[in-house]
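Observations on the three-dimensional arrangement
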Amino acid sequence: MGWECWYNAGMSFDGEVGEMVRANQANWDARTPVHAASEFYAIGRRDPHGWFAPFEWHDLGDLAGREVVHLQCHIGIETIALARQGARVTGLDFSTAAVAEARRIAAEEGVSIEYVRADVHDAVAHLGSGRFDVVYTGKGALCYLPDLPRWAATVAELLKPGGFAYIAEFHPVLTALGTSPGPDDGPELLLRHDYLEGRGAVVRDSTYTYTDGPALTSATASYEWRHSLGELVTTLVRAGLRIDSLTETDELPWPRWARMTRAESGWWTLPDDDPKIALLFGLKASKPAP
Ligand SMILES: C[S@@+](CC[C@H](N)C(=O)[O-])C[C@H]1O[C@@H](n2cnc3c(N)ncnc32)[C@H](O)[C@@H]1O
């Protein structure tokens, strides 16, 4: 039996937080088959390149020949887009089901990617220290991290000196509004959730995930932690990284509100008579060379 067969996430956290991380692992195992069959991800029908904003490709620069790791890669959609830029790409996720789907999809797409099943907090033990030119993560990843300083130390250690981390994540403004419509969602943009960190885990117990598809029949509970932009920037700086850029955009790769329209980039934006608000950000942070 290989390490991956019995590996349990959350081992690096004690007590209640460890339990929450393990619940998340089970929840992602349950969501994965629904996602892999969904119209939302449209595997084989939607070009993975389109899950990136043009400014992300600009910030990432030429990836040809570079060692890239995609943390919390899920079923590996963005991972494939990164590999198609000519990078040598590793994807890491703690969900057995997600890693199995990611391997299957990459094989079907004819893309060579190394996939590793591990908790992101244990990534250095699994992947090695100082190995990567680029650490990429985001679009629904940071909210599953109970301890941002620990995660930032991991990211910094994975990087070669001179390498950089790129975090493309839902803006905390969007998280506060809700990343998917609530049952009583009206046309107004209403803050329903915390923007700031600090109130601990938020439990979500739902038979439905964010994609189309059938209801979950088990492992419906998941736990999220809020992280503000201020917390993220300060945590990365304290981990020894230098902030190179922080881009905020009013566009999303999917239509969160029914009234959103296609932008020139192919992503979705609110109409002109709505407030112009940040919905996603891209943050580039480098590990200084000695
Ligand atoms: C929304 S996906 C993000 C990937 C990508 N943006 C996408 O939408 O396909 C979140 C991923 O984080 C993974 N995840 C959550 N907590 C994790 C942890 N502690 N260690 C490793 N992976 C984790 C889940 O298994 C899931 O595949």
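1. So, helix 7 (residues 148-158)
Where helix 7 is concerned, the buried positions are Leu148, Trp151, Ala152, Thr154, Val155, Ala156 and Leu158. On its buried face, helix 7 is in contact with strand 1 (67-71), helix 6 (123-127), strand 4 (132-138), strand 5 (159-170) and helix 9 (229-238).

2. Describing the site of the ligand
Inspection of the region around the ligand gives 16 residues, with Tyr41, His74, Glu78, Asp93 and Val120 positioned closest. Taking histidine 74, its side chain carries an N or O atom lying 2.9 Å from an oxygen atom of the ligand. Within the contact set of the ligand, an oxygen atom lies 2.6 Å away from a side-chain nitrogen or oxygen of aspartate 93. For the ligand, the accessible surface in isolation is 590 Å², of which the surrounding protein chains cover 97%. In the shell around the ligand, the residues fall into seven nonpolar, five polar and four charged.

3. Some points on the pattern of salt bridges
If you walk through the whole model with that rule in mind, you get 18 salt bridges. The closest approach of N and O atoms between arginine 226 and glutamate 224, which form a salt bridge, is 3.5 Å. As far as the burial class goes, arginine 226 and glutamate 224 line up, both buried. Linked by salt bridges that have partners in common, Asp184, Asp185, Arg192 and Arg256 make up one network.

4. As for the sheet that holds strand 4
The strand order across the open sheet formed by seven strands is 3-2-1-4-5-12-8, and the pairing between neighbours is mixed. Looking along the sheet, the strands with just one partner apiece sit at the ends: strand 3 (114-117) and strand 8 (242-249). Taken over all neighbouring pairs, the strand axes of this sheet differ in orientation by 15 degrees on average, direction set aside. Examined bridge by bridge, strand 5 and strand 12 (residues 280-286) share seven bridges and lie antiparallel to one another. The residue of strand 12 that forms the bridge with isoleucine 167 is leucine 283.

5. Here we look at the side chain of glutamate 251
Mapped onto the elements of the fold, glutamate 251 is located in strand 9 (residues 251-252). One buried charged side chain, glutamate 251, makes no salt bridge at all; its nearest oppositely charged neighbour is lysine 276, positioned 7.1 Å away. Only 2.5 Å separates the side chain of glutamate 251 from the side chain of serine 265, close enough to count as a polar contact. If sequence neighbours within four positions are ignored, glutamate 251 has contacts with Ala263, Ser265, Trp267, Trp268, Thr269, Leu279 and Leu280.

6. Notes on the nonpolar core
By size, the foremost hydrophobic cluster in this structure holds 45 residues, and its most contacted members are Phe52, Leu60, Leu63 and Leu82. For this core, the elements supplying multiple residues, two or more each, are helix 3 (54-60), helix 4 (77-83), helix 5 (96-109), strand 4, strand 5 and helix 8 (172-177). For this core, the element with the highest residue contribution is helix 4, accounting for five residues. In contact with leucine 63, other than residues within four places in its own chain, are Trp57, Val68, Leu82, Gln85, Gly86, Ala87 and Val134.

7. Re the state of the cysteines
On inspection of all chains with the given rule, the structure shows zero disulfides. Cysteine 73 forms no disulfide, and the closest cysteine sulfur to it belongs to cysteine 143, at a distance of 15 Å. With relative accessibility at 2%, the residue cysteine 73 sits in the buried group. Residue classification places cysteine 143 among the buried positions, given a relative accessible area of 16%.

8. Some remarks on the packing of aromatic side chains
For the coordinates displayed, the defined rule picks out 12 aromatic pairs. Taken together, a centroid distance of 5.5 Å and an interplanar angle of 70 degrees make the contact between phenylalanine 40 and tyrosine 210 edge-to-face. Residue phenylalanine 40 is found in the loop between helix 2 (15-36) and helix 3, and its partner tyrosine 210 is found in the loop between strand 6 (202-205) and strand 7 (221-224); the two are separated by 170 residues along the sequence. Residue phenylalanine 40 is classed as buried on the basis of its relative accessible area, which comes to 17%. Using a relative accessible area of 34% as the deciding quantity, one classes tyrosine 210 as partly exposed.

9. Describing unusual backbone geometry
In this structure, lysine 139 takes a positive phi of about 50 degrees despite not being glycine. The phi dihedral of alanine 219 is positive, around 50 degrees, even though this residue is not glycine. Tracing the chain through its elements places alanine 219 in the loop between strand 6 and strand 7. A relative accessible area of 30% places alanine 219 in the partly exposed class.

Criteria and cut-off values
Residue positions within a chain follow its written sequence, with the count starting from 1. Only residues with pLDDT of at least 70 get local features here, since the model is predicted, and only at 80 or more are side-chain atom pairs given and counted; chain-wide, interface and lining totals rely on the full set of residues. Values reported for side chains reflect all heavy atoms of the structure, with hydrogen atoms and water molecules removed beforehand. Each residue is placed in one exposure class: buried if its accessible area under a 1.4 Å probe, protein chains only, is under 20% of its type's maximum, exposed if it is over 50%, and partly exposed if it falls in between. Helix and strand assignments follow DSSP, with helices taken as H or I runs no shorter than four residues and strands as E runs no shorter than two, numbered in order from the N terminus. Contact definition: two residues touch when any of their heavy atoms are within 4.5 Å. One heavy atom within 4 Å of a molecule or strand makes the whole residue count as near it. In the analysis that follows, any N or O atom pair within 3.5 Å is treated as a polar contact, provided that within protein one partner can donate a hydrogen and the other can accept it, and provided that, for residues neighboring in sequence, both atoms belong to side chains. For the area figures, the Shrake-Rupley method with a 1.4 Å probe applies, and any residue is considered shielded solely by the protein chains shown. Residue polarity is assigned by list, with Asp, Glu, Lys and Arg as charged and Ala, Val, Leu, Ile, Met, Phe, Trp, Tyr, Cys and Pro as nonpolar; anything else, Gly included, falls into the polar class. Here a salt bridge means any side-chain nitrogen of Lys or Arg lying within 4 Å of a carboxyl oxygen belonging to Asp or Glu. DSSP bridges decide pairing: two strands pair if at least two such bridges lie between them. For every element, the axis is a line fit to its C-alpha atoms; helices are fit only across the contacting stretch, and the angle between N-to-C directions ranges from 0 to 180 degrees. Counted as positive: Lys and Arg. Counted as negative: Asp and Glu, with His and the chain ends omitted from the count. Put simply, buried Ala, Val, Leu, Ile, Met, Phe, Trp, Tyr and Cys residues joined by side-chain atoms within 4.5 Å make one nonpolar core. In plain terms, two cysteine sulfur atoms within 2.5 Å form what is called a disulfide here. Classification of ring pairs rests on two measures: the distance between centres of Phe, Tyr or Trp rings, Trp counted by its six-membered ring, which must be within 6.5 Å, and the angle between planes, read as stacked under 30 degrees, edge-to-face over 60 and tilted in between.

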